[in-house]
Every structure is written in C-alpha cells, then in structure tokens.
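A closer look at the structure
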Amino acid sequence: MKNSVDLKLIKTGIAGFDDVILKGGIPRYSLNLIAGQPGGGKTITSSQILFTNCNEDNKGILFSTVSEPPIKLLRYLQQFTFFESKKFNSSIKIVDMSKVLHKDDPDWIIKFIMQKIEEFEAGIVVIDSFKAISGLFSNPSYERRFIYDLSSELILSQCTSFFVGEYSPDEITKESVFAIADSIILISTDVKGYLRRHYIEVLKMRGVEYFAGKHRLTIDSSGITVYPRLKPEPVSISDIFPLSVNRISTGTQGLDKMTGGGVYEGSSSLIVGPSGVGKTILSLHFLNEGAKKGKKGLFISFEEVPQKLVRTAKSSGIDLEKLISEKKMSILYYSPIELSIDAFHKELLSLVEKEEPEIIVIDSISDISITIADPTHLKNYLFSMITHLGRQGITCLFTSEIEKEDSSITASRLSVVIDNIFILDYKKEEDKMKKTISVLKTRSLDHDKGIFEYEITDSGIKI
C-alpha cells in the first residue's frame, strides 16, 4: 500500500465543526467556497476562521467588496467574543475593493489582489463577497478566466483561500467556481412557524473525511456553534451489550400486573394519550418508584416548568422537592419555543454524564417531533438516543400526545424503536368521562390485552 500524503489541516474554531463534521479541519493551501442565502452566517464563519488561525507568523487578509464596506463589517465583528482588536493590521488586514471593481478587466483585478497578498505576506485569504466580483464581468468568458486564473495564482502563492458568496443550491451545480473548489460549505436556512433555523452542510472536502448532511448551527455572541445531528452507529457482534433481565416497577401496581411484573432495566417505554389523561403523573410515579429502590432519576420536561411539576407531583402523593434535595432526582426544563433537537441532545448527554441517572423520563416527544419535518428522522433520532442510553443501562420513558389510538405511532413507525407502549385514553360512559389504560406492546414479555379503567388519586394511580 502506498503511503498517503499527510495533509496539514487548519481548525475553523467553530465548536462542533472541526472534530465531528470534519475529521480534524480544513486542508492548508486549499480553495474553499462558503455559500448560502443572505443572513445565514457566511461572513461570521469566514471571520471566525480568520481570527482562529491568524497571528504574526500566519497573516490573513480579507477582501471586502461592494456588498460589505469594511467599516460596517468591522463594527459588527466587534460584537463577537472571537474578535481580537490587537490582531488588526498586525496579523489581519481588511482591504476595501469597492473602488477597484469598476474595470471589466480580470487581469487587472487579479494583479491587485495578488499584490496586496504579497505586500502583507498573507497565508489565509478571504474574499467576501466573491460573487460580487465574478458577477461584474459582462462577458461570461471573462468571468470563467478570472476564476481559473485567480485560483491558480492563489495556489501558487500557497494561500488557504475562502470565497464567500450568496449562491443558491441551483447555482452550485452550474457556476464554474464550484468545479475547481477543494471544498464547498453550504449554509442554509428554513422557517418552522415563526422561527428561522440555520444549517451548515459540507458538500465537498478533498482529502478529508466529513460527516455529510445538514447540521444545525446557531449564532450568538461567541460566533458560530454547530450541533451535529445524531447518527445511528452500526453495532457489530463484538459491540453488543448484555441486556438486563431485572425488572423495574412502573410505580403503579395495576400496570405492573398488566405487564407481568414491570419493565426491563435498560428498556424504553412510551406513554401515549390525549391531553390531561395523566401521562405526566404516571411517569412521575415511575421515577418515584425508582427512587425508592435507589435508582436516580432525571425528568426532562418540555411541557411544564419545575414549579408546576412539583405541584402536579404533590397532588398525587409525590414529594418532588424532597427527592430533588436528596439528589435522588433532577429536573431539566427545556423550552419548546426555540427547540433545536441537536442542541438539546448535546445538553442531554452532558447532563447524563454529570448526573449519572438510571431512569430518564422525557415529557414529551411530541415537542421534539414538531421540530423535525420528516417523521423518519424522529425515528432515527430516537433509535440513536435509545441505543446510546441503553448501552449505559439507562431505562427510558417517553410521553407523547395523540388523539387517535396509536395512529401517530404506527405512522411514524416509532413502535419499531420502542420496547413498551402504554395507551391512556378517555371513554364516555353515560354522563361521565372515564380514563382507560391498555398495553399495546411489551417486547420480550407477555402482557394483559385488556382495557381497564383507572383513577388518579392523592396516593397515585389506581387501576
């Protein structure tokens, strides 16, 4: 086998991007395209790369075109924590190209760019917006020649270059600049309700392995942060973890009887039913019973803030405040308003590592599902999460709000990834609405097939 060339890589400085999506970074001396819609974070991305890599021994130059005057760019960049004023003029320089782009002469513009690079001895070059330059030429052949000639000059000068531009996905397949690029990074947005969400995607990266597909990104005072989506990992025979044969009580005597003794440790269960039927109370009793047996619990709520959970628990005989003070249980409230599933997952894994819970309740996955357009992605996400937590022996319980019995379960094929499914429902009897419970599924267990009435009392659920 021939020895492969050891590529020198540079870090982007973007959390979640270098070591997860890219396997180490971007190759030095490469030509990179950062493309996308307006407002997606292209300029912030390229600026963050500059500040991460530039110093007195490795200088960087940013050519600002008519689309973004330097004084305006500088004003906005100062709002980010990655901005270092001491690097300006010493290791980072901004060159205004707005006054030199009036000539329809590719050679003249290339000469200007390369002269500035040589004078400043820059090793990293950003042109923002490159499309603003290449789109100036009236003759398409001029534009193509400009792209190829400039790219050749930058490669010969051993520069790591980043061309930034507002390109649509359709333009990416047609514009000649993308054919010669070593890497293409696409930043896109979509709208979910009144929220605009940002994504980053590596379409191409020569010489470096990368995690393909869209990944959520956020923009805050620290700059760009990427939350790689969870990917189902293949499980080989040698990786198969032993499954526990120990049972855990559901915290409800009647449900334990219906399942033949509770659920297995490390299994996943789903409680489904309409609003107000008692899903949260049933899951709280599940955690409370675990706490009695010395199993630490974690309750993740998208529905109710901790104060309301304490009140709900007290109404059915659970002293949640005491369990929390004794560190037998912890609560994480995550607002569903601006939920990013990948950001949530990162926080969840961090909390699991810190708190080391043995039982986790997530109330509810309905709030997760509304952030995911494709139901298949929800199934994949839950499968990945359940597998990851199951390897650690953690027992999971989810709630989900549905109106028609198990219709949304089978439609999204969630039953494939869930071990046990309990259905709570209402039934009308004369002039009263009564609650019912049934067991739809228990994996590797037999269960009662009946539908039973139950009541929520001050001492728990009575079936």
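Here's a quick rundown of the structure. (Residues numbered from 1 in each chain as written. Predicted model: local features only at pLDDT ≥ 70, side-chain atom pairs only at ≥ 80, totals over all residues. Heavy atoms only, no water.)

1. Notes on the overall build of the protein
- When helices and strands are tallied, the protein shows 16 helices and 22 strands.
- Looking at the protein residue by residue over its 463 residues, the buried ones come to 52%.
- For the protein, the computed accessible surface area is about 22500 Å², with 50% contributed by carbon and sulfur atoms. (Helix = DSSP H or I, 4+ residues; strand = E, 2+ residues; numbered from the N terminus. Buried < 20%, exposed > 50% of the residue type's maximum accessible area, 1.4 Å probe, protein only. Areas by Shrake-Rupley, 256 points an atom, 1.4 Å probe, with all protein chains shown as cover.)

2. What to know about unusual backbone geometry
- At the junction of Asp-128 and Ser-129, the peptide bond is cis and its omega measures out at 10° in the coordinates.
- Within the secondary structure, Ser-129 sits in the loop between β6 (122-128) and α5 (130-134).
- Cis peptide bonds are those with omega within 30 degrees of zero, and the linkage from Asp-363 to Ser-364 qualifies with 5°.
- With respect to the helices, strands and loops of the structure, Ser-364 is situated in the loop between β17 (359-363) and α14 (365-369).
- For Tyr-29, which is not a glycine, the phi torsion comes out positive at approximately 70°.

3. Let's talk about the side chain of Asp-363
- Checked against the element boundaries, Asp-363 lands in strand β17.
- There is no salt bridge for the buried Asp-363, and the closest opposite charge comes from Lys-279, which lies 6.5 Å off by N-O distance.
- In contact with Asp-363, other than residues within four places in its own chain, are Thr-280, Phe-299, Ile-300, Ser-301, Phe-302, Glu-303 and Thr-399. (Lys, Arg positive; Asp, Glu negative; His and termini not counted. Salt bridge = Lys/Arg side-chain N within 4 Å of Asp/Glu carboxyl O. Contact = heavy atoms within 4.5 Å.)

4. Focus on helix α11 (residues 306-315)
- Among all positions of α11, only Leu-309, Val-310, Thr-312 and Ala-313 are buried. Along α11, the residues classed as buried sweep out an arc of 165° about the axis, all on the same side. Of the residues in α11, the exposed ones pointing more than 90 degrees away from the buried face are Gln-307, Arg-311 and Lys-314.
- Turning to α11, the residues buried within the fold contact α10 (279-292), β15 (297-301), α12 (320-325) and β16 (329-333).
- Directly after α11, the chain includes Gly-317, whose backbone phi takes a positive value near 90°. (Arc of directions from axis to C-beta.)

5. Some remarks on the packing of aromatic side chains
- Tallying each qualifying case throughout the model produces 12 aromatic pairs.
- Residues Phe-83 and Phe-88 carry aromatic rings whose centres are separated by 5.5 Å and whose planes lie at 35° to one another, so their mutual orientation is tilted. Side by side, Phe-83 and Phe-88 carry an identical accessibility label, which is buried.
- Taken together, a centroid distance of 5.9 Å and an interplanar angle of 20° make the contact between Phe-130 and Phe-146 stacked. Linking Phe-130 in helix α5 with Phe-146 in helix α6 (residues 140-156), this pair joins segments that are 16 residues apart in sequence. For the pair Phe-130 and Phe-146, one class covers both residues: buried.
- Among the aromatic residues, ring-to-ring pairing joins Phe-51, Phe-80, Phe-82, Phe-83 and Phe-88 into one connected group.
- Of note, Arg-247 hangs over the ring of Tyr-264, and the distance from its end group to the ring centre comes to 5.1 Å. (Phe/Tyr/Trp six-rings, centres within 6.5 Å; stacked < 30°, edge-to-face > 60°. Lys NZ or Arg CZ within 6 Å of the ring centre and 35° of its normal.)

6. Quick notes on the pattern of salt bridges
- Under the criterion given, the structure shown has 19 salt bridges.
- Where Glu-429 meets Lys-427, a salt bridge forms, and the shortest distance between an N and an O atom there is 3.6 Å.
- Residue Glu-429 is classed as partly exposed on the basis of its relative accessible area of 30%.
- For Lys-449, the salt bridge identified is with Asp-446, shortest N-O distance 3.1 Å. This pair shows no difference in class: Lys-449 is exposed, exactly as Asp-446 is.
- Among the charged side chains, a network of salt bridges with common partners joins Lys-427, Glu-429, Lys-434 and Glu-453.

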